[in-house]
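# Understanding the architecture of this molecule
What follows is the residue order along each chain.
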Amino acid sequence: FFPYMFELGRRYKILNPERMRSAYGKLIYLLQDSQREDIREMMEFSLVRPLQSVNVFLEEKKMLNILKDPLLHAATRVIAEKGKTRAQIQYELQKKRRAYNRVKDKYVGEGGMSEEDVELVMGSIADNNYFLKFNRDPCDEMIGYLKSKFSPDNYEAGFSLKINYGKGGARLSHDHKTQYFFVMQTLNLWRDILHDFYRLWFLAEDDLLDPDNPYRLRNTGQGLNRIQSSKNIGREMSRIIYTARQRVGYWIGSSVVHLGDHNVPNAFMFIDKYTQVSRILNPISITLRRLEEVLAEKPGLKKYVDDTFGGCDKLRMTILCDFFRHGFDGSGADNFFDAGSCIDGRLTSAWNWCSLIHKKPYYPVFQMTGFASFDGQF
């Protein structure tokens, strides 16, 4: 009973990263302790069961051919609403519904698959697609802003991405072109991590719950933490960094991934860090998308924006330029090793920028577009 219930809870957390934000850590640490040999001998059973996935489920049924069906994509895809009329959205929803029913009719009864089994498979794949929409796609949107609003070779007066060590809290010194590519490679890296996030989470749990991979309790400067090696995550991150490097063309800064040290003690801390990316990027994206709408509704705010920033377009450029400069400037830690240009330090810098949002001259505009926080009190 317990292994099945705990596995269900772990799987629910992976599908819903915003849920069980304190309970999941307690659960993983409990299961981690239960993997000790003396504890298992005392209990005479294991609390840990391998995570169930669509692939494992279909493999047991000998029905992996479902995953190659071209209709499956149409039946589980996310219908994007941006830039479409109501009639277009309704048409696409109808096509999706027809594809869903065709897949269900085609496979119910094959390989012992019940209607509930087929619906479970399609629902799980759809959950992954929605996860990508709300977590990976904000990275794509920011990459789009960087490409369309900035150029590596020249810049509009007042909107250079150049940063200097010690100025504005920066711990790095980059000219405009170097910073452009530094931001580009970081956003691409985050995108690739989130694109394969479920796989990374499975690997993280493999590291955390491996009975042959014990942890050491150490004071990391932020209290007692469980220091544990994360070989599976380390290998996968090396592959992801290599892929991102090939796409961008070359690498700027450090490619060090902190794992099993005082910065990122274990795989649980690593996974938790990257669930934050969408919480950073989504509020910025929402504000930028809603600028014209809000300014049209609020003449007083429009006058403030025109007088202070020179109009809506200049305001958008101001927000983007500030984020691309100081959200990626190596700040946010006491020393260069803990922040700087390393893989984890880039995320630390972005969080540091978020923590200072209330001091920005454009903060009232964020509030007027519905912004409350980056999921925390600052």
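## Side note on helix H16 (residues 343–355)
Within H16, 10 of the 13 residues are buried, which leaves it mostly tucked inside the rest of the structure. Here H16 has its buried residues at Ile-343, Asp-344, Gly-345, Arg-346, Leu-347, Thr-348, Ser-349, Ala-350, Trp-353 and Cys-354. For H16, the secondary structure elements touched by its buried residues are helix H9 (176–195), helix H11 (231–248), helix H12 (267–274), helix H13 (277–297) and helix H15 (312–326).

## Let's talk about the pairing of strand E1 (residues 216–219)
As paired elements, E1 and strand E2 (residues 224–227) share 4 bridges and run antiparallel to each other. Bridging from a neighbouring strand, Arg-216 pairs with Ile-227 of E2. The antiparallel pairing of E1 with E2 creates a hairpin that spans 4 residues between the two strands, and Gly-221 there sits at a positive phi of about 95°.

## Looking at the environment of Trp-251
Assignment of secondary structure puts Trp-251 in the loop between H11 and H12. Judged by its relative accessible area of 15%, Trp-251 is buried. Trp-251 sits 246 residues away from Met-5 along the chain, and the two C-alpha atoms are 44 Å apart. Discounting residues that sit within four places of it in the chain, Trp-251 has contacts with Gln-185, Leu-189, Ile-241, Ala-244, Arg-245, Ile-343 and Arg-346.

## Re the confidence of the model for the chain
Of the residues in the chain, 97% reach a pLDDT of 70 or more, and the chain-wide mean stands at 89. Across the chain, element-level confidence peaks in H15 with a mean pLDDT of 95 and bottoms out in helix H3 (residues 37–43) with 87.

## With respect to a nonpolar patch on the surface
Together, Phe-1, Phe-2, Met-5, Leu-8 and Phe-45 give the surface a local cluster of nonpolar side chains, amounting to about 540 Å² of exposed area. Within the element layout of this structure, Phe-1 appears in the segment before helix H1 (2–15).

## Side note on helix H10 (residues 197–208)
Taking 1.5 Å as the rise per residue, H10 with 12 residues should run 16 Å; its terminal C-alpha atoms sit 16 Å apart, in good agreement. Where burial is concerned, most of H10 is hidden: 9 out of the 12 residues are buried.

Criteria and cut-off values
- Residues numbered from 1 in each chain as written.
- Predicted model: local features only at pLDDT ≥ 70, side-chain atom pairs only at ≥ 80, totals over all residues.
- Heavy atoms only, no water.
- Buried < 20%, exposed > 50% of the residue type's maximum accessible area, 1.4 Å probe, protein only.
- Helix = DSSP H or I, 4+ residues; strand = E, 2+ residues; numbered from the N terminus.
- Contact = heavy atoms within 4.5 Å.
- Pairing = 2+ DSSP bridges.
- pLDDT = per-residue confidence, 0-100.
- Patch = residues over 30% accessible without salt bridge, like charges linked within 9 Å, V, L, I, M, F, W, Y side chains within 5 Å.
- Areas by Shrake-Rupley, 256 points an atom, 1.4 Å probe, with all protein chains shown as cover.
- Salt bridge = Lys/Arg side-chain N within 4 Å of Asp/Glu carboxyl O.
- Expected span 1.5 Å × (residues − 1).

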